[in-house]
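# Coordinates in review
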Amino acid sequence: MPAKKRVVVTGYGMITPIGKDSRETFANARKGVSGIGLLSSFDTKGLPCRIGGQVDDFWLSDFSASPACATKRIQGIEKCSSRGLKLMISAVSEAAGSACLDSIENRDRIGVSIGYHGENPSIEDLLLLYRYGQNGVWDICGLSKNGVYSFFNFFRRKPDVASSILSILFNCRGSSFTMVSACAAGAQAIGEALGLIREGKAEVMIAGGCEASLDFMGFLGFVMIRALAERYSSPEKASRPFDRKRNGFVMSEGAGALVLESLDHALERNAPVFAEVLGYGSSADAFRITDVHPKGDGAAFAMQRAISDAQLTSDDIEYVNAHGTSTIQNDQVETLAIKRVLGERATKIPVSSNKSMIGHPIAASGAIEACLTIMGMNDSVLLPTINYEFFDPRCDLDYVPNKARQLEHRIALSNSFGFGGQNACLCLGKFLP
Amino acid sequence: MKAISHCPSSSSADKVAITGLGGVCSLGNSIGEIARRFMSGESGKKQITDFDTGEFSPLAAQAKNPPVIKTDIHPELARSMGKHLSLLLASAGEAFCRAGIGSGMFDPQDIGFFAGMGMVDYHVEDLLGAVLKSMNPDGGLDYDRFFAVGYREIYPLWPLGMLNNVAFCQVSIHFGLQGENCVFSPHGDAGIQAVAEAVNVLVDGKAKVALAGGVSEEISPLSLARARLHGLIGSPEKKELLDPASEIFLGECGAMLVLEPLSSALERGAHILGRISGFGFAYGKDRERGFASRQAICLAIGGALCHAGLDPGGIGLVMTAGLSRNELEAVGEIFGGDVEPPIMMTTAKTMGEMFAAGPVLSAAIGLTIPDARSSVLSPRSYALRPILVNGISYEGRCASMIVEKTSGETL
């Protein structure tokens, strides 16, 4: 098999419920800090779940003054940027800074690949439905005349706006695209960027994902399909992947970004190299929209593809950063899938879930978890699965319970399984020149 | 003619064959019918009668009667997915059928699926009940009431219809597609991205066959309002268009290709309809006119020509996105000059702006029209010469793809 072009990570950044940047997030994750609390972003009265992982508004307060926004002076950027995009700009600013992205002259060879779904309709949108659609027929004439529905509402709803604005802000003139594959979107965005660089279509890609759905309509969707944790003694204890008392996921928000680059290009410009993206695999359950495949077919297939794409075998895997949502179904099936892929070694390989601390930031999760996996490899630290208290016989792997563990490891898988049955897996490696 | 600077041709893409085409739009429910009616100059633009368009443009090219494909999807859920689902199902079904691929021919894990999905919008009637149930006597929304009671009026699976990937996943379920996959969104460039990713996966050996293409938005009050506020469509009274030279109307469409490695397609005796030769992508927004800038479009076209190892003179037909003057200027810059310019066509003027489906349908038509024996192309037939297809987004993204018609029997 011909050797594939090597693709490395030359920058990363994130903003999460437990940190304004990657350093703070990693430090808190290492300590097992939970970012889950009672939601303040909207009135949760009457809802069966009232918790989530919010990013501190203060961390976004100087959004418009950030170097990327200030230098470009894009008219109305504050208005046209959704909260998700603001989070993404924060994460990309950090990643671009660490990768010294500004120093690259040929901007035609830099692209952007983002997992993002756009902003949800708001309660105010629903009010408009009442005013201009009382009989089930929407009076768009009246709506248009009054100008009550802003252009920016439409703009913020569009998924491609995030990658387009990032392309402008960071002066990237290469490929720019948006993935909309739910919880797998962030990982798929990184996987697609990997393919583009390998293929020679780009030298550098900003890749990642963002999510900010802690508003009533965004939250309501998951309440209605009964996917969220509804029984918890305290918010911090609600996200408990692989624990027998888990009963749903905890929604959160955040953003993660990587700068991927061909190794040759990175070495030529003396860029810092933090890790290597070794492989990527995706799959579909093709089972049911609301249920994962009970035998973990899709999850196992994505992992096997990522390992194969990395030209490795399952014996090479030393750590798995699990999707680990804290739902009864996912954690059980993911455990099964890991066993199918790693075989007898499965019980000896540490597996942990960052979502126990940061919750589930949907389209951002794959990117944030990839960043944390890389930082863990470089610091020889396995981040813990917190709130692991009660053994579930159907989840019987080593989940690095409650406390971070010091362990040298060089090759890891990072899983992301999307709602609807789309699965993605990244194979990440410590950089070895 | 602009000289395209030398670049290494990957030559990998031309190993991928197109063995199936499928399409549903305002001009018909099959690629053959659409191509025939397109070449005879028919337009799918009609008055919208499903809802009151108010002061927005009342014209659009809707796919009025997409084929009904029986699925086991709950009817309410299928309704919430709207035409995304029916357009995707029907075009995928036709593409598989034309490729001669039936159930059990391939391991489901060897079938990749890649699509560009147009925007999904909520249906007013899905939410209105919740609002009406939550009004206070003075006509305002009683938030307490909404949170406590109103929201229960909403169909529980309504949120699924809001996710761009749900109709895609439903099609995976229907056809049993378990291989590599990805969903891009929402404009013309997304459809080309999807085809490009399918080609990469096939070349890498990660799938043995792939379904790739795109779906438009469903035309609704929200989609019209969005297009109007973007300055894409005018109104009978006001003409405040982003680019006055390019007034457009919206169109509905699903368009899919079946792709296979050329060698294995030949081995199984598949009819080879065409080949994928190259792709190019770029970003650059024209802040005055909107859409992608002329330079970015040139870069995308140039990238596709390089990837295909072609000079501009090698292109026989250009299927433009037909959305902006910048594209025409870019095409003029690249193809103008001392050689016979390629034939240029656009589907946008007769079938509307079809978002992610547009360039895929254009490619399918380009591969089909010689069979339609239209007099329009005679005597300057482009047959067996490569076709360049452009996809352009409102936000500045652009993509180009080159496909080649092949004479299947002689391969």
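As the structure is a prediction and not an experimental result, all values here were calculated from the model. (Residues numbered from 1 in each chain as written. Chains lettered and ligands numbered in written order. Predicted model: local features only at pLDDT ≥ 70, side-chain atom pairs only at ≥ 80, totals over all residues.)

Each helix and strand counted, chain A has 15 helices and 14 strands in total. Taken over 433 residues, chain A has a buried fraction of 63%. Once local pairs closer than 6 in sequence are excluded, the contacts in chain A between residues at least 24 apart make up 79%. (Helix = DSSP H or I, 4+ residues; strand = E, 2+ residues; numbered from the N terminus. Buried ≥ 20, exposed ≤ 12 C-beta atoms within 10 Å, placed from the backbone. Contact = placed C-beta atoms within 7 Å.)

Each helix and strand in chain B was counted, giving 13 helices and twelve strands. The 411 residues of chain B split such that 60% are buried. Here the contacts in chain B between residues at least 6 apart in sequence split such that 79% fall between residues at least 24 apart.

Further remarks concern helix H4 (residues 83-98) of chain A. Residues and elements named next belong to chain A. Taking 1.5 Å per residue, 16 residues should reach 22 Å; H4 reaches 23 Å between its end C-alpha atoms and fits that length. Within H4, 14 of the 16 residues are buried, leaving the element largely enclosed by the surrounding structure. Immediately beyond the C-terminal end of H4, within one or two residues, lies Cys100, with a positive phi of roughly 50 degrees. (Expected span 1.5 Å × (residues − 1).)

Turning to the environment of A:Asn28, a few remarks are in order. Tracing the backbone shows A:Asn28 in helix H1 (residues 22-30). Beyond its immediate sequence surroundings of up to four residues, A:Asn28 is in contact with A:Ile18, A:Gly19 and A:Val33.

Our focus in this paragraph is the pairing of strand S1 (residues 16-25) of chain B. For a regular strand, the rule is simple: side chains alternate between the two faces of the sheet. Residue and element names in this part refer to chain B. Most of S1 is tucked away: ten of the ten residues are buried. Bridge count between S1 and strand S7 (residues 253-261): nine bridges; the pairing is antiparallel. The partner of Val24 across the bridge, within S7, is Gly254. Both S1 and strand S8 (residues 274-283) contribute to a ladder of two bridges, which runs antiparallel. By the bridge assignment, Ala17 is partnered in S8 with Arg275. (Pairing = 2+ DSSP bridges.)

Residue and element names in this part refer to chain B. Summarising the model, chain B shows a mean pLDDT of 85, and 87% of its residues fall at 70 or more. Every residue in residues 371-380 scores below 50 in pLDDT, and together they form ten contacts with partners more than four places removed in sequence or on other chains. Here the complex is predicted with pTM 0.93, and the ipTM for its interfaces comes to 0.92. (pLDDT = per-residue confidence, 0-100.)

Residues A:Met88, A:Ile206, A:Leu258, B:Ala210 and B:Leu259 are the most contacted members of the largest nonpolar core, which totals 280 residues. Both domains that meet at this core, namely domain 1 (4-121 + 162-405) and domain 2 (124-158) of chain B, each give it at least three residues. With residues up to four places along the chain from it excluded, the contact list for A:Leu258 reads A:Val9, A:Tyr12, A:Ala95, A:Ile190, A:Ala207, A:Gly208, A:Ala367, A:Ala370 and A:Cys371. (Core = buried A, V, L, I, M, F, W, Y, C linked by C-beta atoms within 7 Å. Domains from an automatic or database assignment.)

Look at the link from B:Ser185 to B:Pro186: it is a cis peptide, with omega at -15 degrees. Topologically, B:Pro186 is positioned in the loop between strand S5 (181-184) and helix H7 (188-203). Although it is not a glycine, A:Ala182 sits at a positive phi angle of roughly 50 degrees. Looking at the element boundaries, A:Ala182 is found in the loop between strand S5 (176-179) and helix H9 (185-198). You can call A:Ala182 buried: it has 24 C-beta atoms within 10 Å. With a phi close to 70 degrees, A:Phe242 is a non-glycine residue in the positive phi region. For A:Phe242, a count of 29 C-beta atoms within 10 Å puts it in the buried group.

In this assembly, 71 residues from chain B lie in contact with 65 residues from chain A. Here the element with the most residues in the side of chain B that touches chain A is helix H3 (residues 124-132) of chain B; it accounts for six residues. Class assignment for the residues of the side of chain B that touches chain A results in 42 nonpolar, 18 polar and eleven charged. (Nonpolar A, V, L, I, M, F, W, Y, C, P; charged D, E, K, R; others polar.)

Once that is clear, we can look at the packing of helix H10 (residues 294-308) of chain B against helix H11 (residues 325-335) of chain B. Residues and elements named next belong to chain B. Orientation of H10 relative to H11, taken along the N-to-C sense of each, is 50 degrees, at an axis distance of 8 Å. Here H10 lies oblique to H11, going by the angle between them. By crossing handedness, the relation of H10 to H11 is classed as right-handed. Where H10 abuts H11, its residues Arg294, Ile297, Cys298, Ile301 and Gly302 lie against Asn326, Glu327, Glu329, Ala330, Glu333 and Ile334. (Axes fitted to C-alpha atoms, helices over the stretch in contact; angles between N-to-C directions. Parallel < 35°, antiparallel > 145°, perpendicular 65-115°, else oblique. Left-handed = near helix turned anticlockwise from the far one by under 90°.)

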